Amino acid sequence: VSVFREALDQIEHAEETPGHPVYTFKKENREVEKVIEEKINPAISKYKTAQGEEVKKAIYEMLEGLNLLMDLDKHYSRKENLVFPYLEKYGITGPPSVMWGIDDDIRDELKMTIRNIKDLGEDEEQKDYIINEVELLIKMITEMIYKEENILFPMCLDTLTEDEWGQIMEQSSEIGYCLIEPEYQWKP
């Protein structure tokens, strides 16, 4: 992705219809970015310089944001269990298998980061470690958003049929949504 990033950034993608599964995935990504920008990043900044009781407050705010990101599991589960099987049906196996592995890494890193903040967050000697761990997690998440929106979703829109998107739409509510509910019920 890094090699092709400049070219990928120049590609214009069609706008999806509100309620369409890809539209919903992208709306979820905007909400994830919002949690990172409005909750986690300010908490990290506060944590870097916090002393005494302010450390506990910054930890609480970081954990609050990270706990919201646990909802990413629903986003990734819908992608893996509803979208990837259709791609595999068309012989597209590389991107789904790589992304599934990265999704699992993000889930594991998120759980580990939360656990480490709870266990080590108040230890002044562990501050840099905690900050680096949170920043690594944010980087992993934002890179996955980029890959989804510039590689996976355009590929899916070019490959899947309206009926297949309809099936994905019908089954999505069984898994759930990440931080939002679709505003509209899209119909193929």
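This text follows the structure it describes.
### Considerations on helix α7 (residues 162–175)
Logical step 1: Along its 14 residues, α7 runs 20 Å from first to last C-alpha, staying within 8% of the 20 Å computed at 1.5 Å per residue.
Logical step 2: By the burial criterion, the buried members of α7 are Glu164, Trp165, Gly166, Ile168, Met169 and Ser172.
Logical step 3: In this structure, the buried residues of α7 make contact with α2 (21–49), α4 (72–89) and α6 (127–159).
Logical step 4: Downstream of α7 by one or two residues, Gly176 has phi in the positive range, about 105°.

### Quick look at empty space enclosed by the protein
Logical step 1: Applying the stated rule across the entire model yields one cavity of 30 Å³ or more.
Logical step 2: Approximately 30 Å³ is the volume found for the largest cavity.
Logical step 3: Lining the largest cavity are Pro21, Thr24, Phe25, Arg78, Ile168, Met169, Ser172 and Tyr177.
Logical step 4: Counting only elements with at least two residues in the lining of the largest cavity, the list comes to α2 and α7.

### Observations concerning the environment of Val32
Logical step 1: With respect to the helices, strands and loops of the structure, Val32 is situated in helix α2.
Logical step 2: Linking Val32 and Thr142, residues 110 residues apart in sequence, is a C-alpha distance of 8.9 Å.
Logical step 3: The residues touching Val32, leaving out its near neighbours within four places in the chain, are Leu69, Leu72, Ile141, Ile145, Cys178 and Leu179.

### Some thoughts on the packing of aromatic side chains
Logical step 1: What the rule picks out here adds up to two aromatic pairs.
Logical step 2: With 5.3 Å between their ring centres and 25° between their planes, Phe25 and Phe153 make a pair best called stacked. Here Phe153 lies in helix α6 and Phe25 lies in helix α2, a separation of 128 residues in the sequence. For the residue pair Phe25 and Phe153, the accessibility class agrees, reading buried in each case.
Logical step 3: Here the basic side chain of Arg78 rests over the ring of Phe25, its NZ or CZ set 4.5 Å away from the ring centre.

### Here's the deal with α6
Side chains three or four residues apart in an α-helix point the same way, a direct result of the helix having 3.6 residues per turn.
Logical step 1: Along its 33 residues, α6 runs 46 Å from first to last C-alpha, staying within 8% of the 48 Å computed at 1.5 Å per residue.
Logical step 2: Remark: the principal bend of α6, roughly 40°, maps to Glu148.

### Examining unusual backbone geometry
Logical step 1: For Leu179, which is not glycine, the phi torsion reads 70° and is therefore positive.
Logical step 2: Here Leu179 lies in the segment after α7.
Logical step 3: A residue is classified by how much of its surface remains accessible, and Leu179, at 27% relative accessible area, is partly exposed.

Calculation notes
Residues numbered from 1 in each chain as written. Predicted model: local features only at pLDDT ≥ 70, side-chain atom pairs only at ≥ 80, totals over all residues. Heavy atoms only, no water. Helix = DSSP H or I, 4+ residues; strand = E, 2+ residues; numbered from the N terminus. Expected span 1.5 Å × (residues − 1). Buried < 20%, exposed > 50% of the residue type's maximum accessible area, 1.4 Å probe, protein only. Contact = heavy atoms within 4.5 Å. 1 Å grid on protein atoms, 1.4 Å probe; cavity = no way out; pocket = protein on both sides within 12 Å on 5 of 7 lines; lining within 4 Å. Points joined across faces, edges and corners; volume = space filled by probe spheres on them. Phe/Tyr/Trp six-rings, centres within 6.5 Å; stacked < 30°, edge-to-face > 60°. Lys NZ or Arg CZ within 6 Å of the ring centre and 35° of its normal. Bend = angle between axes of the 7 residues up to and from the residue.

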